[in-house]
Amino acid sequence: MGKKVSKSKKISKGKKAVEKRVKNKKEPRQKPSEDPVLREILTRIAGERGYEVAKVLVGEETTDDEVAKRMGMRVNLVRKILYELYENRVVSYRRVRDEHSGWYVYYWRIEPERAREYFDNNKRLILQKLEERLKTERNTMFFSCGNGDPKVSFEFAAENDFKCPRCGSKLDPYDNSSVITALERQIESLRQHLVES
Ligand SMILES: [Zn+2]
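A quick note: this is a predicted structure, and the numbers were derived from the prediction, not measured.

K.L.:
What is the right way to look at the overall build of the chain in this model?
P.N.:
Summing up its helical and strand segments, the chain has eight helices and six strands in all. Every one of the 197 residues in the chain was classed for burial, and the buried ones make up 19%.

K.L.:
Just checking my understanding: could you explain the packing of helix α4 (residues 64–71) against helix α5 (residues 75–87) for this structure?
P.N.:
When two helices pack together, their arrangement is given by the angle between the helix axes and by the axis-to-axis distance. At a minimum axis separation of 9 Å, α4 and α5 run at an interaxial angle of 115°. Regarding α4 and α5, the two cross each other, and that crossing is right-handed. Of α5, the residues touching α4 (which contributes Asp-64, Asp-65, Val-67 and Ala-68) are Val-75, Val-78, Arg-79 and Leu-82. When grouped by side-chain class, the residues that make up the contact of α4 with α5 number five nonpolar, no polar and three charged.

K.L.:
Would you mind going over the environment of Ile-126 with me for this structure?
P.N.:
Of note, Ile-126 is situated in helix α6 (residues 112–139). It is 8.6 Å that separates the C-alpha atoms of Ile-126 and Leu-190, two residues lying 64 residues apart in sequence. Look past the residues within four positions of Ile-126 in its chain and what remains in contact with it is Arg-44 and Leu-190.

K.L.:
Can you walk me through α4 in this structure?
P.N.:
Of the positions making up α4, those classed as buried are Asp-64, Glu-66, Val-67, Ala-68 and Met-71. Positioned one or two residues after α4, Gly-72 has a phi angle of 65°, which is positive.

K.L.:
It is not clear to me how the pairing of strand β3 (residues 104–110) should be interpreted in this structure. Could you clarify?
P.N.:
For a regular strand, side chains alternate in direction, first toward one face of the sheet and then toward the other. Two elements, strand β1 (residues 62–63) and β3, share two bridges in a ladder whose sense is antiparallel. Bridge pairing in β3 links Thr-63 to Tyr-107. Pairing of strand β2 (residues 91–97) with β3 involves seven bridges; the strand directions are antiparallel. In the sheet register, Ser-92 faces β3, and the bridge partner there is Arg-109. What sits between the antiparallel neighbours β2 and β3 is a turn of six residues, in which Gly-102 has the positive phi angle 80°.

K.L.:
I would appreciate a short explanation of the sheet that holds strand β4 (residues 142–144) in the present structure.
P.N.:
The strands making up a sheet associate through hydrogen bonds between their backbones, and the pairing can be parallel or antiparallel. The strand order β5-β4-β6 describes an open sheet built from three strands, whose pairing is antiparallel. Each end of this open sheet is capped by a strand with a single partner; those strands are β5 (152–153) and β6 (172–174). Two elements, β4 and β5, share two bridges in a ladder whose sense is antiparallel. Residue pairing across strands places Phe-142 opposite Ser-153, the latter belonging to β5.

Cut-offs and rules
- Residues numbered from 1 in each chain as written.
- Predicted model: local features only at pLDDT ≥ 70, side-chain atom pairs only at ≥ 80, totals over all residues.
- Helix = DSSP H or I, 4+ residues; strand = E, 2+ residues; numbered from the N terminus.
- Buried ≥ 20, exposed ≤ 12 C-beta atoms within 10 Å, placed from the backbone.
- Axes fitted to C-alpha atoms, helices over the stretch in contact; angles between N-to-C directions.
- Left-handed = near helix turned anticlockwise from the far one by under 90°.
- Contact = placed C-beta atoms within 7 Å.
- Nonpolar A, V, L, I, M, F, W, Y, C, P; charged D, E, K, R; others polar.
- Pairing = 2+ DSSP bridges.

So, in structure tokens, the structure goes:
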């Protein structure tokens, strides 16, 4: 995470002005206790990072700038994730024009009911995708630099002289057995859901 914080300094200066004008900033509210079903759904829709972003929105309406600040993430990345969630209709936004700057400020909120609907309507598709991913994880020898950059296949690593395309560090074999275990567990629980419904 530390690495990402330093990158967030690149946020454009114009945005800073908007941020300052967002009034009535409330103290962060006490979040309701974590909902495991919602967590599962959101992770499936938008990945672990998507879930982390959505979690900030649980029980409160917040701007993308605020989410980025709290998570120490670049605001562009937060926006990308929010639009992904929006495309799946599990978050919505309210657009407000700031009278002073003329900028639009987006207030995002989560729609837990929609998330559940999405889940109900897409169980089979999600299961299929998870099974495909599991197959890839099982059949691929992965390499990683260990610096948090995406893992790559053996073929890709070999073509790049075993240097990470992002940071240039040496790529070492990556043990993905925990990923496989997690996927197997998710697939099992999803199959259970399908049997019950
Ligand atoms: Zn790297």
